[in-house]
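# Reading the structure
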Amino acid sequence: MDSWWRLGENDGYHGNELAVNQITCPFCLEQGNYKLAHHREKSKPNSQKILNFDTYECGNCKGYVLVLWSASEFGSGFHNYHVLPWPLRIDTYPNYWPESVGRFWIQAKRNLIQENWDAASLMARSALQAAIRDSKAEGNNLKQEIEYLAREGILPPIMKEWSDALRELGNVSAHPLPDQPPTNPQDASDIVNFLDFLLEYLYTLPHRINEYRKRGDKK
Ligand SMILES: [Zn+2]
């Protein structure tokens, strides 16, 4: 996004009103139990565009969240928002990801937060494997399947390198040697970060392009 005035114009959530029911309380993790405590707005000159600066109070724990949100100016039926603070615990993944990918990804993230480095890299490898299998890759093992996707042009060369690194690190955690040293925290963190990019590339980018096409019946 190149300007805050573009918030809600390109992507986001359905509807012209803030989907407050989707917002999880960062303190007690209850979802969508909010009461508006304060509202301010800023209008764009010579335009219908409005940025809303809202404070919501959680009905459960009485904590507050600040929500910056805006509906699309030209009535495309979208809005988008940013919330501060956000829950540090991760409990959802985008609904257009395959379930198995999302499940392992959540566990990889949670294990990072809890500093379980071996488990984080193992779960990242499982998420990778689920994503690769979902891409209809052919091969007898993960290595061959990654090579297949690279040959077919589904994975660009740099993603193939990352996927190989992710696979190798996860392999070590999955099949440890008797005196296997623990996974390096920075390695585990990098690997989960690579996974984020890979899933962005495999799922989020095509999803956003699809949403873009649907908006204007573009072909
Ligand atoms: Zn709360």
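Residues numbered from 1 in each chain as written. Predicted model: local features only at pLDDT ≥ 70, side-chain atom pairs only at ≥ 80, totals over all residues. Heavy atoms only, no water.

Labelled according to an unreviewed UniProt entry, the protein chain appears under the name DUF4145 domain-containing protein, originating from candidate division LCP-89 bacterium B3_LCP.

A count of helical and extended segments in the protein chain gives five helices and five strands. Beginning at the N terminus, the succession of helices and strands in the protein chain can be written as β-β-β-β-β-α-α-α-α-α. With respect to the principal axes defined by its C-alpha atoms, the protein chain has extents near 65 × 45 × 25 Å. Counting every position in the protein chain, which comprises 219 residues, the buried fraction comes to 37%. Considering only intrachain contacts with a sequence separation of at least 6, the fraction spanning at least 24 residues in the protein chain is 52%. Distance from the positive charge centre (24 side chains) to the negative charge centre (28 side chains) of the protein chain: 5 Å. (Helix = DSSP H or I, 4+ residues; strand = E, 2+ residues; numbered from the N terminus. Buried < 20%, exposed > 50% of the residue type's maximum accessible area, 1.4 Å probe, protein only. Contact = heavy atoms within 4.5 Å. Lys, Arg positive; Asp, Glu negative; His and termini not counted. Charge placed at Lys NZ, Arg CZ, Asp CG, Glu CD.)

For helix α5 (residues 185-216), with 32 residues, the first-to-last C-alpha span of 45 Å sits near the 46 Å given by 1.5 Å per residue. Considering bend angle alone, the principal kink of α5 is centred on Glu 200 and spans about 45 degrees. Every buried residue belonging to α5 is among Ala 188, Ile 191, Val 192, Leu 195, Leu 198, Leu 199, Leu 202, Tyr 203, Thr 204 and Glu 211, and all of these are buried. Contact partners of the buried residues in α5: β5 (78-84), α1 (99-113), α2 (117-134) and α4 (157-174). Looking at where α5 begins, the residue whose side-chain oxygen comes 2.7 Å from the main-chain nitrogen of Gln 186 is Asn 184. (Expected span 1.5 Å × (residues − 1). Bend = angle between axes of the 7 residues up to and from the residue. Polar contact = N/O pair within 3.5 Å; in protein donor to acceptor, adjacent residues only side chain to side chain.)

It is worth spelling out the UniProt feature "domain: DUF4145" (unreviewed entry) in the protein chain at this point. Feature annotation in UniProt assigns "domain: DUF4145" (unreviewed entry) to the following positions: residues 112-195. Along residues 112-195, the helical share is 70% and the strand share 0%, with 13 Å between the first and last C-alpha atoms. (UniProt positions renumbered as here; feature names shortened; annotations may be inferred.)

Right, let's get into the coordination of the zinc ion. Around the zinc ion, the protein contributes the donor atoms Cys 25 (SG), Cys 28 (SG), Cys 58 (SG) and Cys 61 (SG), which lie 2.3 Å from the metal centre. Coordination geometry of the zinc ion: the four donor atoms subtend angles of 104 to 115 degrees at the metal centre, consistent with an arrangement described as tetrahedral. Look at where the donors of the zinc ion fall in the sequence and you get C-x2-C-x29-C-x2-C. Of this pair, Cys 28 sits in the loop between β1 (13-14) and β2 (34-43) while Cys 58 sits in strand β3 (residues 50-58), and the two are 30 residues apart along the sequence. (Donors = N, O, S within 2.8 Å, 3.2 Å for Na, K, Ca; no water. Tetrahedral: all angles 85-135°; square planar, octahedral: opposite > 155°, others 65-115°.)

Quoted interface sizes are often the accessible area lost when the parts come together. One can read the domain layout of the protein chain as domain 1 (4-84) and domain 2 (99-216). Spacing between the C-alpha centres of domain 1 and domain 2 amounts to 32 Å. (Domains from an automatic or database assignment.)

Let's shift gears to the sheet that holds β2. If you trace the five strands from one edge of the open sheet to the other, you get β1-β5-β4-β3-β2, paired in antiparallel fashion. Each edge of the open sheet is held by one strand with a lone partner, namely β1 and β2. Sheet analysis places β2 next to β3, joined by nine bridges and oriented antiparallel. Across the sheet, residue Ser 43 finds its bridge partner in β3, namely Ile 50. (Pairing = 2+ DSSP bridges.)

This part covers the environment of Ser 100. Mapped onto the elements, Ser 100 comes out in helix α1. Classification of Ser 100 as partly exposed rests on a relative accessible area of 26%. A sequence separation of 35 residues divides Ser 100 from Val 65, and the C-alpha atoms of the two residues are 31 Å apart.

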